[in-house]
Amino acid sequence: MFAETAMPGHVILSHGSDSGPQATKVSVLAEVAQSLGYSTERPDYREADALGYAGAVPPRVALLVQRIKAAPQPPILVGSSMGAFVSGLASLQAPCRALFLLALPITIPGVAQRFDMADVPAMLMHGFADELCPADAAVGFARERHMHTQLLADGHRLAEHVDTIARQFRLFLEHLSS
């Protein structure tokens, strides 16, 4: 008989605005998680995104909280840009195991609530040339939380560093599993 091996966990990956669940970064990170035995899902926020940046936040958070509560165990939340923002807010409403955040906006115009997150293991990867989400604000938040942070020589989309992000995400997951 073969012994059953338990999955190391579940990962929910949230794409940014003007993107979708098949976006490059969340697709690559889903592959990394799956290669380590994690189950993954990528909610589709495009309907909410049609409401504009401020209008998209409440329905995105509601959908993510629903997916967290339906997960087999507290999941690891991964988010890029708007996906990072809502991952943090959702982590305050439903239990998660960790957060891996990319290109994090600390504020979104028209949204009263600033970014915040549960006190769980977390990592931030951000471009110091980010034209949409100033690196100083994201790094300042990370510093206050003693969050592991890696700044990259890149802009908001972090397109030049997808491989670097994937390697760091693998290390992050391996550390959580150890």
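It should be noted that the structure appears before, not after, this text.
Model, not experiment: these values are computed from the prediction.

## Some thoughts on the packing of aromatic side chains
The final tally for this structure, using the stated rule, is four aromatic pairs. Plain terms: the ring middles of Phe100 and Phe172 are 5.3 Å apart, the flat faces sit at 50° to each other, and that makes the pair tilted. Separated by 72 residues along the polypeptide, Phe100 in strand E4 (residues 98-102) and Phe172 in helix H6 (residues 162-177) bring together distant segments of the chain. Residues Phe100 and Phe172 agree in their burial class; the two are buried. Both rings, one in Phe115 and one in Phe141, keep their centres 5.0 Å apart while their planes meet at 75°; by these two values the pair is edge-to-face. With Phe115 in the loop between E4 and strand E5 (122-127) and Phe141 in helix H5 (residues 135-145), the pair connects residues that are 26 residues apart, well separated along the chain. Residue classification places Phe141 among the buried residues on the basis of a relative accessible area of 9%. Here the aromatic cluster, defined as three or more aromatic residues joined through ring pairs, consists of Phe85, Phe115 and Phe141.

## Some words on the pairing of strand E1 (residues 10-14)
When a strand is regular, its side chains alternate between the sheet's two faces. Counting buried positions along E1 gives five out of five residues, so the element sits mostly inside the fold. Alternating positions in E1 separate into two faces, His10, Ile12 and Ser14 on one and Val11 and Leu13 on the other, with burial throughout. Where E1 meets strand E2 (residues 39-41), three bridges bridge the pair, whose relative direction is parallel. Paired with Ile12 across the strands is Glu41, a residue of E2. The handedness of the E1 to E2 crossover, carried by helix H1 (residues 24-35), is right-handed. Sheet topology places E1 next to strand E3 (residues 76-80); four bridges connect them, and they run parallel. Within E3, the position partnered with Val11 by the bridge is Ile76.

## What about the environment of Glu131?
Structurally, Glu131 is set in the loop between E5 and H5. Distance from Glu131 to Arg67, taken between C-alpha atoms, is 31 Å for residues 64 residues apart in sequence. For Glu131, the contacting residues outside a window of four places in its chain are Gly155 and His156. Looking at Glu131, its side chain comes within polar contact range of the main-chain nitrogen of His156, at 3.1 Å.

Conventions and cut-offs
Residues numbered from 1 in each chain as written. Predicted model: local features only at pLDDT ≥ 70, side-chain atom pairs only at ≥ 80, totals over all residues. Heavy atoms only, no water. Phe/Tyr/Trp six-rings, centres within 6.5 Å; stacked < 30°, edge-to-face > 60°. Helix = DSSP H or I, 4+ residues; strand = E, 2+ residues; numbered from the N terminus. Buried < 20%, exposed > 50% of the residue type's maximum accessible area, 1.4 Å probe, protein only. Pairing = 2+ DSSP bridges. Right-handed = clockwise from strand over helix to strand, strands pointing away. Contact = heavy atoms within 4.5 Å. Polar contact = N/O pair within 3.5 Å; in protein donor to acceptor, adjacent residues only side chain to side chain.

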